[in-house]
Amino acid sequence: MRSEMNRRGLMKLTGGSLLAAAASTAAGRAVADEPSAVGPIVVDGCSPAAPTAEYLELLRKGGVDCWNVSMLPSLLQMSQLLEFAARNAAHVEIAKTAADIRRIKREGRISLTIGWQEADLFVMKGESDWWSKPPKTTMRLFYDLGLRVCGLIYNLTNAFAGGCLDPHVGLTKAGRTIVSQMQSLGILVDVGGHTGEQSSLDIIAMAERPVVCTHSNIAALNANPRNTSDRVIEGIAKTGGLFGVSAIDPFMSWGRDDVGKRKEPRRRADIKRYVDELDYLKRLVGVDHIGVGGDFTTGATSSINPEESFAFPSEMTYLQDPIQYAQGFEDISKLPAVRAEMERRGWRMNDIDKVMGENWMRVYEASFGA
């Protein structure tokens, strides 16, 4: 990341590193209810942190077994992630199936899944052919390298879909094609959050496997353009998917009503506010459709200045230098505090295990294979 936020600032890393759906729901729930031979799997469903030895230690402290390494992709970032996994093979492995994730845990290592927050590489000039029918892209190449989760768009509208800043823009013809190809191949489609309302609903309507929102927050609790509506969340659940809750502070504490009135939120989010999101989702769609998507940028120097960023306007965030998280959940090592607050509120242990990772595992099995 660069210290000055631009469209790729949130994902550019320092230090040389990256660096049939509804029908399957009941069966998938049964899988999530079954005890794993290695115990429940804990998953961070989306964080663009720099893959480093230091971050692996934070994952261990948080009890995390599987980390979805999320990025605004480039060929260099993909190469650096593969290099990191190779150098640290005693500690990590890129997982390509749900069975890989459980095996890697049995071996005492952490699994990495690869996620993209936009699909622009699939229309890269010279690396795709959209004149042919069907269009030719590099999707299979990246799938074989480990790509398993992919959103179409990062805030700003592209060839595939409307971003969250253009909520009324629907899925394009090219977008429908790329979604169909991803679902056929076994790449989990990411909607909501960075993706606009109408495009998300269009993807949900055509989904043949579960879709997810890997990292967002609830618009009904905080009117922020980066947040996701109940309508989209309910649609995700109907596909058998889940909603991953982000820990980024302004998405829980800042919105349109704050613009021009203050420079900081009236009240920062904390662990209790984070679990309020989980409680709301439990009431709205049930425990089977909730996950953690921390969106942690640990190890990457980053800031967001809405006065200088078109993609992150003032109604979305206050000045963050560095990125701000819910107090008490500032990095993934603090995940046990979320579990403790859920226990304090009376959540059943089995349901907590689902939210902590087994729901992700159910969706992974349905999307890219057991």
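Presented here is an overview of the structure given in this document. Only a predicted model underlies this, so the values are computations on that prediction, with no experimental measurement involved.

Thresholds, definitions, all that
Numbers given for residues are sequential positions, taken from 1 along each chain in its written order. Only residues with pLDDT of at least 70 get local features here, since the model is predicted, and only at 80 or more are side-chain atom pairs given and counted; chain-wide, interface and lining totals rely on the full set of residues. Only hydrogens and water are removed before side-chain values are computed, so all heavy atoms of the structure are retained for them. Strands are runs of DSSP state E lasting at least two residues, helices are runs of H or I lasting at least four, and both sets are numbered from the N terminus onward. The criterion used for residue contact is that any of the two residues' heavy atoms lie within 4.5 Å. In this scheme, a helix's expected span is set at 1.5 Å multiplied by one less than its residue total. Exposed residues in this analysis have more than 50% of their type's maximum accessible area, buried residues have under 20%, and partly exposed residues fall in between, with area computed by a 1.4 Å probe over protein chains only. Here the arc refers to the set of directions running from the helix axis out to each C-beta atom. Think of it this way: DSSP has to see at least two bridges between two strands before they count as a pair. Here is how to tell: hold the view so the strands point away, follow the path from the first strand over the helix to the second, and if it runs clockwise the crossover is right-handed.

1. Examining the side chain of Asp295
Examined against the element boundaries, Asp295 turns out to sit in the loop between β9 (290-292) and α11 (335-344). Among residues more than four places away in sequence, those in contact with Asp295 are Cys46, Ser47, Pro48, Gln117, His215, Arg226, Ser246, Ile248 and Tyr325.

2. Regarding the environment of Phe329
Tracing the sequence through the fold places Phe329 in the loop between β9 and α11. The residues contacting Phe329, other than those within four sequence positions of it, are Ala247, Ile271, Tyr274, Val292, Phe296, Lys334, Leu335 and Val338.

3. A look at helix α3 (residues 75-87)
Helix length check: α3 (13 residues) gives 18 Å between terminal C-alpha atoms against 18 Å at 1.5 Å per residue, within 8%. Gln77, Met78, Gln80, Leu81, Phe84 and Ala85 are the residues of α3 that are buried. Projection of α3 onto a plane perpendicular to its axis shows the buried side chains occupying an angular sector of 165°, all on one side. Exposed side of α3, more than 90 degrees from the buried face: Leu75, Leu76, Ala86 and Arg87 are the residues found there. Turning to α3, the residues buried within the fold contact α2 (53-62), β2 (66-71), β3 (92-94), β4 (110-116) and α5 (139-145).

4. Some thoughts on the pairing of β4
Counted residue by residue, β4 has seven buried out of seven residues, so it is predominantly covered. On β4, burial covers both faces: Ile110, Leu112, Ile114 and Trp116 on one face and Ser111, Thr113 and Gly115 on the other are all buried. Pairing geometry for β2 and β4, over six bridges, is parallel. Paired with Asn68 across the strands is Thr113, a residue of β4. Of the strand pairs in this sheet, β3 and β4 are connected by three bridges, and their pairing is parallel. Pairing of Val92 across the sheet is with Ile110, part of β4. Each parallel crossover has a hand, and the one from β3 via helix α4 (residues 98-106) to β4 is right-handed. Bridge count between β4 and strand β5 (residues 147-151): three bridges; the pairing is parallel. Note that in β5 the partner of Ile114 across the bridge is Leu147. Running through α5, the crossover from β4 to the neighbouring parallel element β5 is right-handed.

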